[in-house]
Amino acid sequence: GLIHAVAQVPSFIVTLGGLGLYAGLALQTSDATNKPLADEAFELSWVNGYFAGIPAGFMLGLVVLLVLAVALRYLPWGRYLYAIGSAEPAALMSGVPRVRVRVAAFAVSGATSALAAVVLVGRTSFGSPTLATGLLLPSIAAVVVGGTAISGGIGGPIRTLVGVLTVATIQIGMVLVGVDPVLQNVAFGMVIMAAVALTIDRSKLSTIK
């Protein structure tokens, strides 16, 4: 977050660089092998449990989503975030603390990613530096299909939930019709490009780079 907000490095480059950095560290730490959970790792046993007949991991994700939705709707940080995404020069002239808002956004993103990793490891009972590689494209597709504009200022957790359900339906449909799993990423790549083309606010961009 600081690299992006203070050094003014584009967020996409920071995210991509962070992916390479942490993936490399994970590979080095694990010797590029899967690591099963220890028998005493009871702290993650709740992930496979149920709450009122609903998987605990799903309930946790739903609670986090609702908390973020409320924070974005009612807290100043949420309004600042939308303001920076919609028109940053106007937000800065209005006194919005740009650095703090951007760093907080990266921190929240990292925290939710870590929480998702805990749930995933709890369900699979082992850790691996490549465990979620196959989830990268579907997760991006879910966000853009949900209507979050890559140019900023539009989107939210509830929209992303709709995108997640849509992408999950597409995944299940491709499995049912017998689409090769390798070709599923082709479909998601096309979905991402189409969704960005439909949601990008070209009035904010003088040129597309």
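Residues numbered from 1 in each chain as written. Predicted model: local features only at pLDDT ≥ 70, side-chain atom pairs only at ≥ 80, totals over all residues. Heavy atoms only, no water.

For the rest of this paragraph, the subject is the nonpolar core. The biggest cluster of nonpolar side chains holds nine residues, and these are Ala141, Ala142, Val144, Val167, Met174, Phe188, Ile192, Ala195 and Val196. Contributions of two or more residues to this core are made by α6 (136-145), α7 (157-176) and α8 (181-199). With four residues, α8 is the largest single contributor of residues to this core. Not counting residues within four places of it along the chain, the set of residues in contact with Ala141 comprises Val167, Phe188, Val191 and Ile192. (Core = buried A, V, L, I, M, F, W, Y, C linked by side-chain atoms within 4.5 Å. Buried < 20%, exposed > 50% of the residue type's maximum accessible area, 1.4 Å probe, protein only. Helix = DSSP H or I, 4+ residues; strand = E, 2+ residues; numbered from the N terminus. Contact = heavy atoms within 4.5 Å.)

Turning to helix α4 (residues 76-93), a few remarks are in order. Given a rise of 1.5 Å per residue, 18 residues ought to cover 26 Å, yet the end C-alpha atoms of α4 are separated by just 16 Å, more than 12% below that figure. When the local axis directions of α4 are compared, the greatest deviation, roughly 130 degrees, occurs at Ala87, which is followed within four positions by the proline Pro89. Regarding α4, the residues found buried are Gly78, Ile84 and Ala91. Positive phi shows up at Gly95, right after α4, with a value of about 90 degrees. (Expected span 1.5 Å × (residues − 1). Bend = angle between axes of the 7 residues up to and from the residue.)

Attention shifts here to the environment of Val64. Note on placement: Val64 falls in helix α3 (residues 56-74). Residue Val64 is classed as partly exposed on the basis of its relative accessible area, which comes to 21%. Spatially, the C-alpha atoms of Val64 and Phe106 are 16 Å apart, while their sequence positions differ by 42 residues. Those residues within four positions of Val64 in sequence are excluded, and the remaining contacts are Thr112 and Leu115.

What follows concerns the packing of α3 against helix α5 (residues 98-124). At a minimum axis separation of 10 Å, α3 and α5 run at an interaxial angle of 170 degrees. Between α3 and α5, the angle is such that the two are roughly antiparallel. Of the residues in α5, those in contact with Gly57, Leu60, Val64 and Leu68 of α3 are Val108, Thr112, Leu115 and Val119. Looking at the contact of α3 with α5 residue by residue, the classes come out as six nonpolar, two polar and no charged. (Axes fitted to C-alpha atoms, helices over the stretch in contact; angles between N-to-C directions. Parallel < 35°, antiparallel > 145°, perpendicular 65-115°, else oblique. Nonpolar A, V, L, I, M, F, W, Y, C, P; charged D, E, K, R; others polar.)

Here we take up unusual backbone geometry. In the Ramachandran plot, Gln8 falls in the positive-phi region, its phi being about 60 degrees despite a non-glycine side chain. Mapped onto the secondary structure, Gln8 falls in the loop between α1 (2-5) and α2 (11-30). Classification of Gln8 by relative accessible area gives exposed; the value is 52%. Of note in this structure, Ala32 is not a glycine but carries a positive phi near 60 degrees. Along the chain, the position of Ala32 falls in the loop between α2 and β1 (35-36).

Our focus in this paragraph is the confidence of the model for the protein. Of the residues in the protein, 93% have a pLDDT of 70 or more, and the chain-wide mean is 84. Within the protein, the lowest mean pLDDT, 79, falls on α8, and the highest, 90, falls on α3. (pLDDT = per-residue confidence, 0-100.)

Okay, the environment of Val186 next. With respect to the helices and strands, the residue Val186 is situated in helix α8. With 56 residues separating them along the chain, Val186 and Thr130 place their C-alpha atoms 20 Å apart.

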